[in-house]
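Tertiary structure, described
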There are 2 protein chains.
Amino acid sequence: MKSGPIELGESKSLSPKAGVRRGVSILDFILRILAFIGTLGSAIAMATTNETLPFSTQFIRFRAEYDDLLTLTFFVAANGVVSAYLLFSLSISIFNIVRSNAQSSRILLVILDTAMLGLLTAGASAAAAIVYLAHNGNARANWFPICQQFNSFCERISGSLIGSFIGVAVLILLILLSAVALSRRK
Amino acid sequence: MKSGPIELGESKSLSPKAGVRRGVSILDFILRILAFIGTLGSAIAMATTNETLPFSTQFIRFRAEYDDLLTLTFFVAANGVVSAYLLFSLSISIFNIVRSNAQSSRILLVILDTAMLGLLTAGASAAAAIVYLAHNGNARANWFPICQQFNSFCERISGSLIGSFIGVAVLILLILLSAVALSRRK
């Protein structure tokens, strides 16, 4: 058993710094899955929501859907794009775990992550502004709150913001992790 | 003249990599000034805009100000905070130019830049959603466009978005620059 070190030399050749990088890569992978679930859930929750009021006139059915509001359509598109990107980025993340010394793939991830952070934040906060307006309206502009009529619709669109903001928080964390990993190159 | 290299050794001791880092730091400094001007301009343009219609009833003066809409107040606050941060970050940027090998100050800048990118994108895109609504309204929610009455107010708030989106683009660029600079450590 004492003669082990020579054979084990290969598999234990990770330096402490490389170990940190590999740990960061694994954390990166887990966070990406979390963000993927959050953004995909947001997109699906928003896209499938609709409410038809139990009364109607002869010509009009009172029905609310997400694509009545352009901003909510953008929200669904942004979440869809970001979740597709996160799924794709998992493969690069696995590559980073296997080859913990890889540099250019990390830079590629930082660039794409930052772009996706911009897109997702834009979608989430624009939708939040509209959801706020749906809840409270604006007396000065004569915009009335629509949540008084479309109650469950409003709850659903408010809830679907959560996954998206989790995605934003995780993407910020991912960029910081990548910055630290890049600076720890040997 | 041939004996020069020894004396010049000190001042020319920059390796090519250090030269790249210094160039990146100077570009970083210039971009920060650009983003500072953009966000400060946006905040001022939005905060000083108001329009009083030339007619009024006995009780009501028709007057539009940015703080009638909560989202535009958030826009002004976000732009103010980010421009204050950018002014502060200039000092760190100068430090990076002088000491091109500094590592932790760069990581600090990436962390703060990313947080500020999130804040500024949120403010700008939420304001854009509201400005779109002010221009076009939404027939399904019975929200009427207010730009028909408040014409110059609308032009002003639309214009003030530009500086803010320039700020977003520059911050994304700054994060990418920092990532590249961090990876180029010797």
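Residues numbered from 1 in each chain as written. Chains lettered and ligands numbered in written order. Predicted model: local features only at pLDDT ≥ 70, side-chain atom pairs only at ≥ 80, totals over all residues. Heavy atoms only, no water.

1. Remarks on the overall build of chain A
A tally of regular secondary structure across chain A gives five helices and two strands. Along chain A, from the amino end to the carboxyl end, the secondary structure elements read α-α-β-β-α-α-α. Split into buried and exposed, the 186 residues of chain A put 49% on the buried side. By sequence separation, contacts in chain A at least 24 residues apart represent 77% of the contacts at least 6 residues apart. Carbon and sulfur atoms make up 68% of the accessible area of chain A, which amounts to about 9200 Å² in all. (Helix = DSSP H or I, 4+ residues; strand = E, 2+ residues; numbered from the N terminus. Buried < 20%, exposed > 50% of the residue type's maximum accessible area, 1.4 Å probe, protein only. Contact = heavy atoms within 4.5 Å. Areas by Shrake-Rupley, 256 points an atom, 1.4 Å probe, with all protein chains shown as cover.)

2. Side note on a nonpolar patch on the surface
Residues and elements named next belong to chain A. A cluster of nonpolar residues, Leu 34, Ile 162 and Ile 166, forms a patch on the protein surface that exposes about 270 Å² of accessible area. Tracing the backbone through its elements, the reader meets Ile 166 in helix H5 (residues 151–183). Classification of Ile 166 by relative accessible area gives partly exposed; the value is 38%. (Patch = residues over 30% accessible without salt bridge, like charges linked within 9 Å, V, L, I, M, F, W, Y side chains within 5 Å. Salt bridge = Lys/Arg side-chain N within 4 Å of Asp/Glu carboxyl O.)

3. Some words on helix H3 (residues 70–98) of chain A
Given a rise of 1.5 Å per residue, 29 residues ought to cover 42 Å, and the 43 Å separating the end C-alpha atoms of H3(A) matches this to within 8%. The largest bend in H3(A) is about 25°, located at Ser89(A). (Expected span 1.5 Å × (residues − 1). Bend = angle between axes of the 7 residues up to and from the residue.)

4. Overview of the packing of H3(A) against helix H4 (residues 104–136) of chain A
When two helices pack together, their arrangement is given by the angle between their axes and by how far apart the axes lie. Residue and element names in this part refer to chain A. As a packed pair, H3 and H4 sit with axes 9 Å apart at the nearest point and diverge in direction by 160°. As far as their axial angle goes, H4 and H3 are roughly antiparallel. Our pair here, H3 against H4, has a crossing hand that is left-handed. Each residue belonging to the contact of H3 with H4 can be placed in one class, and the counts come to 21 nonpolar, six polar and two charged. (Axes fitted to C-alpha atoms, helices over the stretch in contact; angles between N-to-C directions. Parallel < 35°, antiparallel > 145°, perpendicular 65-115°, else oblique. Left-handed = near helix turned anticlockwise from the far one by under 90°. Nonpolar A, V, L, I, M, F, W, Y, C, P; charged D, E, K, R; others polar.)

5. Brief notes about the relation of the copies chain A and chain B
Between the two copies, chain A and chain B, the superposition gives an RMSD of 0.0 Å; the rotation angle is 180° and the shift along the axis is 0.0 Å. On this basis, the relationship between the two copies can be described by a two-fold rotation axis. For chain A, the smallest separation between a C-alpha atom and the rotation axis is recorded for Ala126(A), amounting to 2.0 Å. With an isologous cut-off of 70% or more, the 97% of interface residues of chain A that recur at the interface of chain B puts this contact in the isologous class. (Least-squares fit on C-alpha atoms with pLDDT ≥ 70 in both.)

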